[in-house]
Every structure is written in C-alpha cells, then in structure tokens.
Protein chains: 2
Amino acid sequence: MPSDIRRNNVSGDLVILARDRARRPRDHNLIEAPSSPASCPFCPGASTKTPAPIRSHTSPAYPGHKAAIRVVPNLYPALTPEQPWQARAEGPYDTFTGVGAHEVVIEAPDHVVSWLEVSAEHIAEILASWQDRIRDLRQDPRIRDIIPFKNVGPRSGATLAHAHSQILALPLLSPRQQRLLDRGESHFAHHGRCPMCDAIDQECRTEERLILASDELIAWAPYGSRASFEVWIAPRIHQADFTQAHPAILLQLADHIRQILARWEHALGPVDHNLVLHSAPFAFAGKPYYHWHLEMLPRLSTHGGFEWGSGAYINATASEVAARHLRDLNC
Amino acid sequence: MPSDIRRNNVSGDLVILARDRARRPRDHNLIEAPSSPASCPFCPGASTKTPAPIRSHTSPAYPGHKAAIRVVPNLYPALTPEQPWQARAEGPYDTFTGVGAHEVVIEAPDHVVSWLEVSAEHIAEILASWQDRIRDLRQDPRIRDIIPFKNVGPRSGATLAHAHSQILALPLLSPRQQRLLDRGESHFAHHGRCPMCDAIDQECRTEERLILASDELIAWAPYGSRASFEVWIAPRIHQADFTQAHPAILLQLADHIRQILARWEHALGPVDHNLVLHSAPFAFAGKPYYHWHLEMLPRLSTHGGFEWGSGAYINATASEVAARHLRDLNC
C-alpha cells in the first residue's frame, strides 16, 4: 500500500504514514539485533536479499571492484515514486500522496561497521554518491527536497550494522528545512548576510566552540546544540547547494568526519550517532541565505515528554565545553 | 551554575542549557537502571535524599496519609527561579537566563511504578496537583508557560521507576506551543472556529479514529500521529486552560488514561511511554482557538537522522488501525 503524508492540523506536525514499514502490533517492541556478517543482507552472497542497485560506484579503497558502493531502493520505503502527486482533504485534515524516494547506500562490499574502519578517500566516494543521487532525483519535478542521513548503532534508530546511509526524497519541504529557509531569508532581509556565514565568522574569531579548521571547512560545536557533543561542519565560503562541493571539499569533509568520530570515541567511548546533510531545497539552490552543512549528533541521552511536547531540548553540556574536550584531543 | 536558554540562530532550535544536569563526559553513555524500592530516593526512609516538599496532597487511596502525593524541586533542575529574567546577545546569538522552575511530583508514598497499580481517584488527585502547581507558578510574572509531563520506562527518558511526573515552568513559549497558538489563531481568523473543536467534531462523526467517549471527554488516535498508537484526550467543550477543568473532568480523564494504558499493554505488551499536558500559555488562557489536551505517546521506535534533520516523523501505523486495535479491547 503506498504511503501518505499527513499533517496534524492542530499541531502542524508532519508525518509520513509508511504502512509498508508496519509490522504487526506485537512486533513493535522488538529492537532488531545488529546483524552479524553471516546473516547480513548487505554482505557478499546475500545479494538476493537486496533489490538490484540503482547505481554502483567504484572506490580507490576497493581496487578492481565495480560496486564498492551500491545504491538500492529501501525494501520498506517511506516514500515511493510510483504514484501521482496529489493533495487532498480528509474532513478538516490535509493529506498528500507519499511521492518520493527512499534509497539505501550500501557503503562497502565487506562487513564494515564504522567509518573509522575505512579511509577518508572511501568516505569521500560515499559523499559523492549522495551528490549523484541528489542530481539524479531532482530531475523529477514532483520532488522538492532530499535528505541524506546515517543512523549508526541501535540507539540511533539503526536496525542493521553494515555501514549504510539513507536518502529520502520528499515532495514538500520538511518543517526544519522550512525553518532554516525562513530564518535565513529574514536574517538576509535585515542584515544582507547569511546567518550561517555570520556564525562561521563568530566561531573562527572567538575559537570558543571551534574544533577543526581546514582551508575549505570548519567543524564546531554549534551555539544552542540540541545534543551533548553535537558537531556541525560547513564550508567557509557561502555555498547553498551540496552538489556544488568539488572533490577536494568532499575529501576534507570526509577527513573532518573521521576526526570527529575518533575524538567522540576517545572522549565518550563508543557512541551511537546520527549524521544529517542539509543542502538547499532545489528551488533555493542559489540563495544567498541558505548554507549547506552536515550535522553530527551523538545519541547519549533519550528524549522525554518535555522534548516531545515542547519541541525544545534540554542539553547538559555547553558547546564550549564539548568543543574544548574534542579540540584538544589528537587522535 | 544557573542554566541558560539558548537559541541556535541558524536553525531556530531552542535549547535549555542545564549545566547542573551534566555528568562527566564518560558517564553520558550509562543508562541508569530502574531503581528497586531499597535504593529508591522517593520511597519511605529515603526522605533525606529528596528536598523538602513544596506542596503535599492527600488522596482517598491513602487514607490518613497527609503526603500521599509530594511535589519537590528537581535535584538537577533544568530551570530555577533564583535569577533575574534577562535576554542578551552573545555575538550573533540569542541567550536568555534560565529562569523558571523544575519540579517533581512524587505520585505515591509507596513504590508504585505504573498508573495501572493505582485507582482513577488517585490519578485524579495527581492531576489536581498539576493544576495546583500551574495556579501557583503562574503568579510569577517572569513565567509564561508550564508543561507537566511524565516519562515512564527507560526508553522514555525516565531514570527512576517510582511513579513521578515533572513540571517545567518556562520564561518563554516553547516552539510547539507557539505552533499550536499560531495555527489556532490562523484557523480561527479564517473559519471562526477552534481547530481542535473541528477535529473533535470530525472524530465523533466518523468514529474512525475514536477510542473512548464519555460525557466530558474523548480519546482518539490523532490524524497525523507522530508515534504508532499515539492517543490524545481532550474535553468535548471548548476549554483553553486546564486549571478550569473541574474535579469530575479530572476523574474522567484519569479513567481514560488508565483505560488507554491497559489497552496499550494488552495490544502491545508493556510499553514505555510519555504523557504531556498542553494547557494554554497564561496570556492565552481565554482564547477561543487553544484547546487543552493530553498527549499519550508510546515509545515503540527510535528517532533516526531523518527525524532529527527534518523535524518530520515516519510512522508505520495509521491512526485508524491503532484506534481499531485499542477501541475493540475490553480491559
């Protein structure tokens, strides 16, 4: 059954109703155990368990391998392309057909679990595969935004251990993307500057929350971090559209990500986490007020009723403290 | 060190930076085990571990007991009253002093864990204690909104098993309260009606998502549920301010909550969950477009990168399916 997108008209919450992901009610409580290589559907010999790849990519880390990185459709997709885009009312409520795409990037042919097990060069190829999917998917005029993300470890929402990322293509803007655009537009109207450019300038000047700085990028603990030890990485120059980032930037980004992962592990022990890439929705790809960035979120604590009810967050670690811990490590 | 409230000026995320809740970085990964009665700080004999009560309430469930329900300050408060309200800039960022209150309602003198172990009459007294705290705290002109909530079970963010709720008093409106108000105001401007009243009318007419209906209240699976088997309970008549709910309504509310908890347990097994009460921020207590309600959220799945990055939700269970499962049970 194809999915729908529903809006709760009282709260404004936006929900993808993905019935194909449903299991029977009694199964809901089971957390799937991280798979071992023998039972892993992404490992060699299990290719019958995954759909045929949409794309395959080579990588210098796997010489001679034509499919070091494979992009496949998600077997339990939240959104699918095989339906017309339609908005309709159900009584007083808003419903949209669940048009879009939900893909899985299988990031290595062998049973790699962490990006610390592979080289920065290989991670740069994974990031290039995200760019490739964005360029391809945005040719569909029904698709308005694409969110690549990674869930790592059971506390992050991941159900499989084999290194993978996901790409979700949406027929409308998500609430947080809309908020990034609205704030950016308003800031630009008042100041003539991009708010992220202002933040980057502040972080480079004070260095209080700065963790890494290279020619093209900086990594810092953002002011108003939602999670303890949250890290953002963004290009120093203004760039809205992630597909404009050239290979040298991808390699620096990969290196920064690996360094943050290593420093997290050193400071916090093994830590489940999420990565989310924010690139401008296509209609805004040239805007002077949207700035692409990668958000890295450790999953150290659990959201309670306050976070669900308020949409605000309680964080016990100041960004400056997190940055100091992560900056001074050399690992 | 008193807490601050920070806004991430790029994303608009609102964060309470509660440094007193911080533990050393290495401790972050530890989930505290649910306490046993012997080590429970809320049980008899452990009164030295909790601060002196702000309020004590009697309950028909504990005859002769003067402190069947005790409200105490949270030992690791996210917000505290002992500081002036101040907004200031830090470079391009917005900071507010963390003025407010963070209280814990210890809901029973003995080691009760679930509301299914106590009577509806006792739960009604707990709800009355929430009303009492709202009435008292809103006399402080710096406080603009109060959120009572419950975390039950380790997957809900709870760290103690002994039945308790929390009350957080805020010096500004949370993003979700602001959204409820904005949507309500706009709906009222266009239609002259409260959006929640419209939703309640729709649910009573179609009965597709209806679970329980009594003289004063209905319980239903909301259209656009963020979580599988999410349930909302609200008064049939328009009422913005929860403190206006009279004792008979509190008793029906308590009964509805118990019935939903019992039906969840029957349909899903033991389920960690959050409860959040939404009552109008005080300046809006008489508004015709805000409608108090209780949100009940089972914690069956874990949010991943998509939810963090997009502010939208993926849910595998249609509200109609959840309602059918829960409606037809008689337990």
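Small disclaimer: the values here were computed from a predicted structure and weren't measured.

So, how was this worked out
Numbers given to residues run from 1 along each chain, matching the order in which its sequence is written. Whichever chain is written first becomes A and whichever ligand is written first becomes 1, with later ones labelled in order. Local features in a predicted model are, by the rule used here, given only for residues with pLDDT of at least 70; side-chain atom pairs are given and counted only at 80 or more, and totals for whole chains, interfaces and linings are based on all residues. Water and hydrogen atoms play no part in the side-chain values, which are based on all heavy atoms of the structure. Every helix listed is a DSSP run of H or I at least four residues long, and every strand listed is a run of E at least two residues long, numbered separately from the N terminus. The size measure is the radius of gyration over C-alpha atoms, and the globule rule it meets is 2.2 Å times the number of residues to the 0.38 power. Contact definition: two residues touch when any of their heavy atoms are within 4.5 Å. Residue-level accessible areas treat just the shown protein chains as cover; the underlying method is Shrake-Rupley with a 1.4 Å probe. Counting rule for charge: Lys and Arg are taken as positive, Asp and Glu as negative, and neither His nor the chain ends is counted. To locate a charge, take NZ of a lysine, CZ of an arginine, CG of an aspartate or CD of a glutamate. Working convention: axes come from line fits to C-alpha atoms, limited for helices to the stretch in contact. Angles between N-to-C directions cover 0 to 180 degrees. To sort the angles, those under 35 degrees are grouped as roughly parallel, those over 145 as roughly antiparallel, those from 65 to 115 as roughly perpendicular, and the leftovers as oblique. Crossings are assigned a handedness: left-handed for a near helix turned anticlockwise from the far helix by less than a right angle, right-handed for a clockwise turn. Residues are grouped as follows: nonpolar covers Ala, Val, Leu, Ile, Met, Phe, Trp, Tyr, Cys and Pro; charged covers Asp, Glu, Lys and Arg; every other residue, Gly included, is treated as polar. Aromatic rings from Phe, Tyr and Trp, with only the six-membered ring used for Trp, were paired whenever their centres fell within 6.5 Å, and each pair was classed as stacked if the ring planes differed by under 30 degrees, edge-to-face if by over 60, and tilted otherwise. Working definition: with a 1.4 Å probe on protein chains only, accessible area under 20% of the residue-type maximum means buried, over 50% means exposed, and in between means partly exposed. Helix span is expected to be 1.5 Å times the residue number reduced by one. Read the arc as the range of directions from the helix axis to the C-beta atoms. All the domain ranges listed were derived from an automatic or database domain assignment. Buried surface area refers to the total accessible area, computed with a probe of radius 1.4 Å, that the two partners give up upon joining, counted for both partners together. Whenever a carboxyl oxygen of Asp or Glu lies within 4 Å of a side-chain nitrogen of Lys or Arg, that contact is scored as a salt bridge. Polar contact is defined as a pair of N or O atoms within 3.5 Å, subject to the rule that within protein one atom must be able to donate a hydrogen and the other to accept it, and that residues adjacent in sequence are counted only when both atoms are side-chain atoms. Here, a strand pair is defined by DSSP locating no fewer than two bridges between the strands. UniProt positions are given in the numbering used here, feature names are shortened, and annotations may be inferred rather than shown by experiment.

Draft legend 1. Spatial organisation of the overall build of chain A. Each helix and strand in chain A was counted, giving 6 helices and 15 strands. In summary, chain A has a C-alpha radius of gyration of 20 Å against a globular reference of 20 Å for 331 residues, a match within 12%. Along the three orthogonal principal directions, the C-alpha set of chain A runs to about 55 × 50 × 40 Å. A separation threshold of at least 6 residues defines the contact pool for chain A, and within that pool the share at least 24 residues apart is 68%. Of the accessible surface of chain A, which amounts to about 12400 Å², a share of 52% is contributed by carbon and sulfur atoms. Distance from the positive charge centre (33 side chains) to the negative charge centre (36 side chains) of chain A: 4 Å.

Draft legend 2. Examining the packing of helix H1 (residues 120–137) of chain B against helix H4 (residues 247–268) of chain B more closely. Residues and elements named next belong to chain B. Look at H1 against H4: their axes get within 8 Å of each other, and the N-to-C directions meet at 120°. As judged from the angle between their axes, H1 and H4 are oblique. The hand of the H1/H4 crossing is right-handed. Residue-level contacts link Ala120, Glu121, Ile123, Ala124, Leu127, Ala128 and Gln131 of H1 to Leu250, Leu251, Leu253, Ala254, Asp255, Ile257 and Arg258 of H4. Across the contact of H1 with H4, the residue classes break down as 10 nonpolar, 1 polar and 3 charged.

Draft legend 3. Broad picture of the packing of aromatic side chains. Under the definition given, this model contains 16 aromatic pairs over all chains. Taking the centre distance of 6.3 Å and the plane angle of 50° together, the rings of A:Phe188 and A:Tyr289 count as tilted. Remark: A:Tyr289 occurs in the loop between strand E13 (273–278) and strand E14 (293–298) and A:Phe188 occurs in helix H2 (residues 175–191); sequence separation between them is 101 residues. By relative accessible area, which is 29% here, A:Phe188 ends up partly exposed. For the pair A:Phe306 and B:Phe149, a centre-to-centre distance of 6.2 Å together with 45° between the ring planes defines the contact as tilted. Here the residue A:Phe306 occupies a position in helix H5 (residues 305–310), and B:Phe149 occupies one in strand E8 (residues 145–152), the pair thus bridging two chains. You'll find A:Phe306 and B:Phe149 in the same group, each marked buried.

Draft legend 4. Seen up close, H2(A). An ideal rise of 1.5 Å per residue puts 24 Å on 17 residues; H2(A) measures up with 24 Å between its terminal C-alpha atoms. For H2(A), the full list of buried residues reads A:Arg176, A:Gln177, A:Leu180, A:Leu181, A:Gly184 and A:His187. The buried residues of H2(A) occupy one face: seen down the axis, they fall within an arc of 140°. Opposite the buried face of H2(A), at more than 90 degrees from it, the exposed residues are A:Ala189 and A:His190. Looking at the buried side of H2(A), the elements it contacts are strand E8 (145–152), helix H3 (195–206), strand E12 (231–235), E13 and E14 of chain A together with helix H5 (305–310) of chain B. Immediately beyond the C-terminal end of H2(A), within one or two residues, lies A:Gly192, with a positive phi of roughly 70°.

Draft legend 5. Here's a closer look at the domain arrangement of chain A. Residues and elements named next belong to chain A. As assigned here, chain A comprises domain 1 (4–171) and domain 2 (176–327). A straight line from the C-alpha centre of domain 1 to that of domain 2 covers 22 Å. Counting residues at the interface gives 29 residues for domain 1 and 29 residues for domain 2. Contact with domain 2 buries surface across domain 1, with Leu116, Gln131 and Arg155 losing the most and accounting together for 25% of the total. Between the two partners, domain 1 and domain 2, sit 1 salt bridge. The partner of aspartate 241 in a salt bridge is arginine 138, with the nearest N and O atoms 3.4 Å apart. Taken together, the links from domain 1 to domain 2 amount to 16 residue pairs in polar contact (both at pLDDT 80 or more). Top element by residues in the side of domain 1 that touches domain 2 is helix H1 (residues 120–137). It accounts for 10 residues. Taken together, the residues of the side of domain 1 that touches domain 2 sort by class into 17 nonpolar, 5 polar and 7 charged.

Draft legend 6. Region of the structure containing the interface of chain A and chain B. Taken residue by residue, the interface counts 90 residues in chain A and 90 residues in chain B. Taken together, the two surfaces of chain A and chain B that pack against each other cover about 7900 Å², and 57% of this comes from carbon and sulfur. On the chain A side of the interface with chain B, the three residues burying the most area are A:Val10, A:Tyr223 and A:Trp308, jointly 12% of the side's total. Across the contact surface, chain A and chain B share 10 salt bridges. A salt bridge links A:Arg179 to B:Asp13; the shortest N-O distance between them is 3.5 Å.

Draft legend 7. The arrangement of the environment of A:His57 in detail. Among the structural elements, A:His57 can be located in strand E3 (residues 55–57). Apart from the residues within four sequence positions on either side, A:His57 is in contact with A:Lys66, A:Ala67, A:Ala68, A:Ile69, A:Val71, A:Ser129 and A:Asp132.

Draft legend 8. A look at the sheet that holds strand E1 (residues 4–7) of chain B. Overall, mixed pairing links the 5 strands, which are arranged E15(A)-E2(B)-E1(B)-E6(B)-E5(B) in an open sheet. Sheet topology places strand E15 (313–315) of chain A together with strand E5 (87–90) of chain B at the edges, where each strand pairs with a single neighbour. Averaged over all pairs of adjacent strands, the angle between their axes in this sheet comes to 30°, without regard to strand direction. Of the strand pairs in this sheet, E15(A) and strand E2 (residues 14–17) of chain B are connected by 3 bridges, and their pairing is parallel. Bridging across to E2(B), A:Tyr313 finds its partner in B:Val15.

Draft legend 9. View of the UniProt feature "binding site: Zn(2+)" (unreviewed entry) in chain A. Residue and element names in this part refer to chain A. In the numbering adopted here, UniProt assigns the feature "binding site: Zn(2+)" (unreviewed entry) to Cys40, Cys43, His111 and His162. Spanning 123 residues, the named residues nonetheless gather at one spot, since no C-alpha pair among them exceeds 8.1 Å. Mapped onto the secondary structure, cysteine 40 falls in the loop between strand E2 (14–17) and E3. On the accessibility criterion, cysteine 40 (1% relative accessible area) is buried. Mapping cysteine 43 onto the fold places it in the loop between E2 and E3. Leave out the neighbours within four places in its chain, and cysteine 43 touches Pro37, Pro109, His111 and His162.

Draft legend 10. Summary view of helix H6 (residues 319–327) of chain B. Every buried residue belonging to H6(B) is among B:Ser319, B:Glu320, B:Ala322, B:Ala323 and B:Leu326, and all of these are buried. Along the axis of H6(B), the buried positions cluster into a sector of 160°, meaning they face one direction only. Lining the buried residues of H6(B) we find strand E1 (4–7) of chain A together with strand E10 (210–213), strand E12 (231–235) and H4 of chain B.

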